[in-house]
Amino acid sequence: MRKAVLALLTLSLVPVVTGQHRFDPVARSAGGVWLREGGDPWCTLGAPALLSSVRRMQGGLAHFPAPWGIGELSGSAAVLAIPAGPGGIGLSVTRFGFDLYAETNLGVAYGGSAGILLYGIGARYRHLRIERYGSAGVPCIDAAVVIVTGDWFRWGIRITDVNRPALGRTGERVRESVSLAVAFFPPGAPSLAFQAERDELGSFSTKAGVSYKGEILSVRFGMSGSFTRIHCGLEVTPGGLGIGYGVVVHPELGWSHSAWLVIDIAS
């Protein structure tokens, strides 16, 4: 009975939790807004245009244990960001699910810059496995563009599943999701970011986040789900190491936690 309930719950949550950008712990702790200053390896997952700001090789590991108190819905992510000339390359793998339903994404992304324009593209191989129904793998393409206006303002657009891949034997196509975001970076003050998104189900939502990035401590806070969910997180970065912890509070489902680690591999 428990497995049947979990299967129904998982299938109802799948459109909400799939897509690698959902595993970006930095964005997640700031309301889910993907647009930010960048410079972290997590841009690989949901903000490929910001890979152009990566200045050193970095690796990252993140874990999302028992979302809403359900261990079977746990997920993990691993990323690697590598500077490449005027841009940056990102490699990633994410995993979500349990024995009845599991999803794995393998991805590669590139971000570059041309004047005030930051651009990025990512390619993913998405593999789904559902017990008694079999498994299927599909190629997915994501893209993002950011316009940098001076030192204090940015705006951008991100499209996930641009190629609308067909899933399984039915040939049903995955619908693309589109998000528009703006971010303000006032000197000496926390940054502010806002996002409007249409997801793969056609639902519209809004998100907002506040971030303060210090030399050692970074603090983030935000709201999503048309401002019904609360997000927060902090990260300490002593030397070449970053340790972070975040929480999302859902008005009905309760708490969901995340923890992550970032390591400077080479300067």
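The paragraphs below set out a description of the structure included in this document. Not measured: the values here are computed from a predicted model. (Residues numbered from 1 in each chain as written. Predicted model: local features only at pLDDT ≥ 70, side-chain atom pairs only at ≥ 80, totals over all residues. Heavy atoms only, no water.)

Below, the discussion takes up the overall build of the protein. Looking only at helices and strands, the protein has three helices and 16 strands in total. Rg of the C-alpha trace for the protein: 18 Å, near the compact-globule value of 18 Å for 267 residues, within the 12% margin. For the protein, the spread of C-alpha atoms along the principal axes amounts to about 55 × 35 × 35 Å. Looking at the protein as a whole, 46% of its 267 residues are labelled buried. Across the protein, the fraction of contacts at a sequence separation of at least 24, relative to all contacts at a separation of at least 6, is 44%. Looking at charge distribution, the protein has the averaged site of its 23 positive side-chain charges lying 4 Å from that of its 19 negative ones. (Helix = DSSP H or I, 4+ residues; strand = E, 2+ residues; numbered from the N terminus. Rg over C-alpha atoms; globule rule 2.2 N^0.38 Å. Buried < 20%, exposed > 50% of the residue type's maximum accessible area, 1.4 Å probe, protein only. Contact = heavy atoms within 4.5 Å. Lys, Arg positive; Asp, Glu negative; His and termini not counted. Charge placed at Lys NZ, Arg CZ, Asp CG, Glu CD.)

As a further point, take the side chain of Glu-197. Along the polypeptide, Glu-197 turns up in strand 11 (residues 191-198). Overall, Glu-197 belongs to the buried group, its relative accessible area being 3%. With sequence-adjacent residues up to four places away left out, Glu-197 is seen in contact with His-21, Arg-22, Arg-158, Val-178, Ser-179, Ser-203, Phe-204, Ser-205 and Lys-207.

Let's shift gears to the pairing of strand 1 (residues 57-64). Where strand 1 lies against strand 16 (residues 254-266), seven bridges are found, and the strand directions are antiparallel. In the strand pairing of strand 16, Gly-59 is matched with Ile-263. (Pairing = 2+ DSSP bridges.)

So, about the pattern of salt bridges. In total, this model carries 10 salt bridges according to the counting rule given. The salt bridge partner of Asp-161 is Arg-124, with a shortest N-O separation of 2.8 Å. Of this pair, Asp-161 sits in the loop between strand 7 (153-160) and strand 8 (166-167) while Arg-124 is found in strand 5 (residues 117-130), placing the two residues 37 residues apart along the sequence. For the pair formed by Asp-161 and Arg-124, the shared burial category is buried. Linking Lys-207 and Glu-197 is a salt bridge whose minimum nitrogen-to-oxygen distance equals 3.0 Å. Taken together, the residues Lys-207 in strand 12 (residues 204-213) and Glu-197 in strand 11 connect sequence positions 10 residues apart. Connected through salt bridges with shared partners, the residues Asp-24, Arg-36 and Asp-40 form a single ionic network. (Salt bridge = Lys/Arg side-chain N within 4 Å of Asp/Glu carboxyl O.)

As a further point, take the nonpolar core. With 18 residues, the main nonpolar core has Trp-34, Leu-35, Leu-50, Leu-51 and Val-146 as its most contacted residues. Those elements giving two or more residues to this core turn out to be strand 6 (134-149) and strand 10 (177-184). Listed in part, the 17 residues of the second largest apolar core include Phe-23, Val-26, Ile-70 and Ala-77. (Core = buried A, V, L, I, M, F, W, Y, C linked by side-chain atoms within 4.5 Å.)

A positive phi angle, near 60°, is found at Asp-161, a position not held by glycine. The phi torsion at Arg-164 lies on the positive side, around 45°, for a residue other than glycine. Within the secondary structure, Arg-164 sits in the loop between strand 7 and strand 8.

Next up on the list: a nonpolar patch on the surface. A contiguous nonpolar surface patch, about 830 Å² in accessible area, is contributed by Tyr-212, Ile-216, Leu-217, Val-219, Leu-234, Val-236, Leu-241, Ile-243, Ile-263 and Ile-265. Contributions of two or more residues to the nonpolar patch are made by strand 13 (217-224), strand 14 (229-236), strand 15 (241-250) and strand 16. With respect to the secondary-structure elements, Val-236 resides in strand 14. (Patch = residues over 30% accessible without salt bridge, like charges linked within 9 Å, V, L, I, M, F, W, Y side chains within 5 Å. Areas by Shrake-Rupley, 256 points an atom, 1.4 Å probe, with all protein chains shown as cover.)

Moving on, we get to empty space enclosed by the protein. Within the structure shown, the criterion is met by two cavities of 30 Å³ or more. If you add up the space inside the largest cavity, you get close to 130 Å³. Lining the largest cavity are 16 residues, with Gln-20, Thr-44, Leu-45, Gly-122 and Asp-142 positioned closest to its centre. For the lining of the largest cavity, the secondary structure elements donating two or more residues are helix 3 (43-46), strand 4 (101-114), strand 5 and strand 7. (1 Å grid on protein atoms, 1.4 Å probe; cavity = no way out; pocket = protein on both sides within 12 Å on 5 of 7 lines; lining within 4 Å. Points joined across faces, edges and corners; volume = space filled by probe spheres on them.)

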